[in-house]
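Geometric and topological summary
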Amino acid sequence: MDKTSIHGMWSSRLMFILAATGSAVGLGNIWRFPYMASDNGGGAFVLVYLACIAIVGLPILIAEILIGRHGRVSPVNTLRGLAKESGTSRNWVAIGWLGIVAGILILSFYSVVAGWTLHYAWLYLKQLFGGAAITDPGATFTSLLSNPFELTFWHGLFMLLTVAVVALGVEHGLERAVRFLMPALFLMLLILVAYGFTTGHVGEAAAFLFRPDWSKIDGNVFLRAMGQAFFTLSLGMCAMMTYGAYLPRSGISIPRVGAAVALTDTAVALLAGMAIFPLVIAFGLDPAGGGPGLIFNSLPLAFNEMPFGIVYGLLFFGLLSVAAWTSSISLLEPATAFLVEKYGMASRKRAALSIAVLCWALGLLSVLSLNVWSDVRILDRDIMTFIEFIANDLMLPLGGMLIALFTGWALNNTILREQLSEMPEALFTAWRWLLRIVAPALVLVVLLRALA
Ligand code: PFF
């Protein structure tokens, strides 16, 4: 097995954890999780989501990291190498291709939403220097969505930030970015949770998020929760596999770092919920049914009333932009690494830029679906929601299921044991059966229901 990757290596275990947590913690936790919970029955959704993380997400996260660390290259080439080494079918390479396509689709709309957050951070920055307050948040949000030029500008700016980091490479780009951004993110989140506590509505928020109404759990809630579990842990599209490829061989237990990443990610989503819902409730808004505009429509109301509200607003949307940034770099990295391997080392900048331009152009579909093409419907959804549905709810679980089957059934036992040498036998066996049977069966049931 190669000791190092040609793309560079994380300099320590902590750096890997920061980078992988940076990938996991993003819009998925702070923008998507609260409104998914809001739209799908609060506690009922949260419970199913937590179960999906523990039973399906964590085992697949461990599998992705170990495949990456053994293969040491981009997903397509890693899977090709591992299939050969295990004497199994070459067709498993399809997982890598599926991942690359899913990553490009996700980055296309992810960057549009991240653009909204940049725009809001800018609005608060301007307010700090005397700019106009957001007095009618609904109108401000609608006016942003109805302006394709404005959306395209912020989407483009965010894509530029992403490509700048990835073009610089693993050590000088990715690692340098997460080293500062992740601690800043945790600090900002804690400040916001602390404020949530001062509103006096923490109990109601906790009841909404954690007290399940069983009657709300149906097939649809399962599908959304499973899709959210994959999305939030960055699973099923080989992002974690790619990060695993840059992980030093010795002294690092994959199950431990995997668990650290999954726990932190889940904690951030729950904390974000506990920062946001007390404010929503305090301002007399309904915590249920907020939709994708939940935080943009509700939080500015709170920020208007709060002491130092403008600073909080800036902090919050700054936090969200940073979280999105450290995730989007992991969406761009797998395809970039693949192009670098195909066309030679000198081309990292060109590789990253080509994929970013492609994602930016695809993102224009999402931009236009918010205004000019808002009437266009595919399978009952607007274009952006359709792309999100295909990539998040279908491709990620499918990719994850294939990764589970590949690791559980096709990968050579020696490779598994070598990668997981610190794992006690009983845990190893449990993990393997989760991958072989439990996770694929659950994902399959959910997918079949979705397509039925
Ligand atoms: N996990 C990210 C979030 O929660 O915002 C989104 C994401 C990043 C999904 C990277 C998939 C991925 F490969």
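Look up a bit, the structure's there.
Here the residue numbers are simple positions, counted from 1 along each chain's written sequence. Owing to the predicted nature of the model, reporting of local features is limited to residues with pLDDT of at least 70; listing and counting of side-chain atom pairs is limited to 80 or more, with chain, interface and lining totals taken over all residues. Side-chain numbers come from the whole structure's heavy atoms, not from hydrogens or water.

Turning our eyes to something else, we now look at the overall build of the protein. In this text, helices come from DSSP runs of H or I with a minimum length of four residues, and strands from runs of E with a minimum of two, each type numbered from the N-terminal end. If you tally the helices and strands in the protein, you get 18 helices and zero strands. Radius of gyration here is computed from C-alpha atoms only, and the compact-globule reference equals 2.2 Å multiplied by the residue count raised to the power 0.38. Its C-alpha atoms give the protein a radius of gyration of 21 Å, near enough to 22 Å, the size a compact globule of 452 residues would have. A principal-axis box enclosing the C-alpha atoms of the protein has dimensions of 65 × 50 × 45 Å. Taking all 452 residues of the protein together, 60% fall into the buried category. A separation of at least 24 residues holds for 83% of the contacts in the protein among residues at least 6 apart in sequence. Reported accessibility uses the Shrake-Rupley method at a 1.4 Å probe radius. Residues are deemed covered only where the shown protein chains occlude them. For the protein, the exposed area adds up to about 16,900 Å²; of that, 67% sits on carbon and sulfur atoms. Think of it this way: Lys and Arg go in the positive column, Asp and Glu in the negative one, and His and the chain ends go nowhere. Charged side chains are reduced to one point each, which is NZ for Lys, CZ for Arg, CG for Asp and CD for Glu. Taking the average place of the 26 positive charges on the side chains of the protein and the average place of its 24 negative ones, the gap between the two points comes to 11 Å. Exposure categories follow from relative accessible area, calculated using a 1.4 Å probe and restricted to protein chains: below 20% of the type maximum is buried, above 50% is exposed, and the middle band is partly exposed. Contacts were defined at the residue level, with two residues in contact if any of their heavy atoms lie within 4.5 Å.

This part covers the site of the ligand. Each residue is tested against the molecule or strand, and it is near if at least one of its non-hydrogen atoms lies within 4 Å. In the region of the ligand, 15 residues are neighbours, and Ala24, Gly28, Tyr110, Phe231 and Met237 sit closest. Backbone polar atom of Ser23 to a nitrogen atom of the ligand: 3.1 Å apart, as the coordinates give it. Polar contact is defined as a pair of N or O atoms within 3.5 Å, subject to the rule that within protein one atom must be able to donate a hydrogen and the other to accept it, and that residues adjacent in sequence are counted only when both atoms are side-chain atoms. A distance of 3.2 Å separates a nitrogen atom of the ligand from a polar backbone atom of Thr232. Relative to its free-state accessible area of 340 Å², the ligand is covered by the protein chains to the extent of 100%. Taken together, the elements giving at least two residues each to the shell around the ligand come down to helix H1 (13-24), helix H2 (27-39), helix H10 (219-232) and helix H14 (309-343).

Think of a salt bridge as a Lys or Arg side-chain nitrogen and an Asp or Glu carboxyl oxygen that are within 4 Å of each other. Under the definition given, this model contains seven salt bridges. Linking Glu388 and Arg32 is a salt bridge whose minimum nitrogen-to-oxygen distance equals 2.9 Å. Of the two residues, Glu388 is situated in helix H16 (residues 383-410) and Arg32 in helix H2; the sequence distance between them amounts to 356 residues. Close ionic contact of Glu333 with Arg348 constitutes a salt bridge, the shortest N to O distance being 2.8 Å. With Glu333 in helix H14 and Arg348 in helix H15 (residues 348-369), this pair connects stretches of sequence that are 15 residues apart. The two residues Glu333 and Arg348 agree in class, both being buried. Within the structure, one salt-bridge network assembled from shared partners comprises Arg32, Arg224, Glu388 and Asp393.

Looking now at the environment of Leu105. Residue placement: Leu105 occurs in helix H5 (residues 94-128). Setting aside its immediate chain neighbours within four residues, Leu105 contacts Leu362, Ile387, Ala391 and Met395.

Let us look at the packing of aromatic side chains. Stacked, tilted and edge-to-face are the three classes assigned to paired rings of Phe, Tyr and Trp, where Trp is represented by its six-membered ring and a pair needs centres within 6.5 Å; plane angles under 30 degrees give stacked, over 60 edge-to-face, the rest tilted. Evaluated as defined, the whole model comprises 26 aromatic pairs. Here Trp31 and Trp116 contribute two aromatic rings whose centre-to-centre distance is 6.2 Å and whose plane-to-plane angle is 85°, an arrangement assigned as edge-to-face. On the criterion of sequence distance, the pair formed by Trp31 in helix H2 and Trp116 in helix H5 is long-range, its members being 85 residues apart. On the basis of relative accessible area, Trp31 is assigned to the buried category, the value being 4%. By the ring-pair criterion, three or more aromatic residues cluster together here, those being Trp31, Tyr35, Trp116, Tyr120, Tyr124, Phe141, Phe296, Phe303, Phe316 and Phe317. In this analysis the charged atom, NZ for Lys or CZ for Arg, is taken to sit over a ring once it is within 6 Å of the ring centre and within 35 degrees of the ring normal. Sitting over the ring of Phe231, Arg32 keeps its end group 5.1 Å from the ring centre. Against the face of Trp409 rests Arg436, its NZ or CZ located 4.3 Å from the ring centre.

By the element assignment, Ser11 lies in the segment before H1. Sequence separation of Ser11 and Glu171 is 160 residues, and the distance between their C-alpha atoms is 7.7 Å. Discounting chain neighbours no more than four positions away, the residues touching Ser11 are Glu175 and Arg179. A distance of 2.4 Å separates the side chain of Ser11 from the side chain of Glu175, its partner in a polar contact.

What follows deals with the packing of H2 against helix H12 (residues 254-282). Axes, fitted as lines to C-alpha atoms, cover a helix only where it is in contact. Angles between the N-to-C directions of the axes lie from 0 to 180 degrees. At their nearest, the axes of H2 and H12 sit 9 Å apart, and the two run at 70° to each other. When the axes of H2 and H12 are compared, the pair comes out roughly perpendicular. Crossing handedness for the pair H2 and H12: right-handed. Here Asn29, Ile30, Phe33, Pro34 and Ser38 of H2 come into contact with H12, specifically with Asp265, Val268, Ala269, Leu270, Ala272, Ile276 and Phe277. Charged residues are taken to be Asp, Glu, Lys and Arg, nonpolar residues to be Ala, Val, Leu, Ile, Met, Phe, Trp, Tyr, Cys and Pro, and polar residues to be all remaining types, Gly included. For the contact of H2 with H12, the residue count by class is nine nonpolar, two polar and one charged. We call two directions roughly parallel when the angle between them is under 35 degrees, roughly antiparallel when it is over 145, roughly perpendicular when it lies between 65 and 115, and oblique otherwise. What makes a crossing left-handed is the near helix being turned counterclockwise from the far one by less than a right angle; a clockwise turn instead makes it right-handed.

A few words now on H16. In the structure, H16 departs most strongly from a straight axis at Met395, where the bend amounts to approximately 35° and where the proline Pro397 lies between one and four residues downstream. The opening residue of H16, the one whose side-chain oxygen lies 3.1 Å from the backbone nitrogen of Met384, is Asp382. To obtain the bend at a residue, axes are fitted to the seven residues ending there and to the seven starting there, and the angle between these axes is taken.

Glancing now at the side chain of Asn371. Examined against the element boundaries, Asn371 turns out to sit in the loop between H15 and H16. Residue Asn371 is classed as buried on the basis of its relative accessible area, which comes to 12%. One polar contact links the side chain of Asn371 to the main-chain carbonyl oxygen of Val367, over a distance of 3.2 Å. Dropping the residues within four chain positions of it, Asn371 is found in contact with Leu145, Ser146, Asn147, Pro148 and Leu151.

Among the surface-exposed residues, Ile55, Trp409, Trp433, Ile437, Val438 and Leu442 lie close enough to one another that they form a single nonpolar patch of about 530 Å² accessible area. Looking at the nonpolar patch, the element that brings in the most residues is helix H18 (residues 425-451), giving four residues. Locating Leu442 in the fold gives a position in helix H18. A relative accessible area of 35% places Leu442 in the partly exposed class. Exposure above 30% relative accessible area and no salt bridge define the residues that can form patches, which grow by joining like charges within 9 Å and nonpolar side chains of Val, Leu, Ile, Met, Phe, Trp and Tyr within 5 Å.

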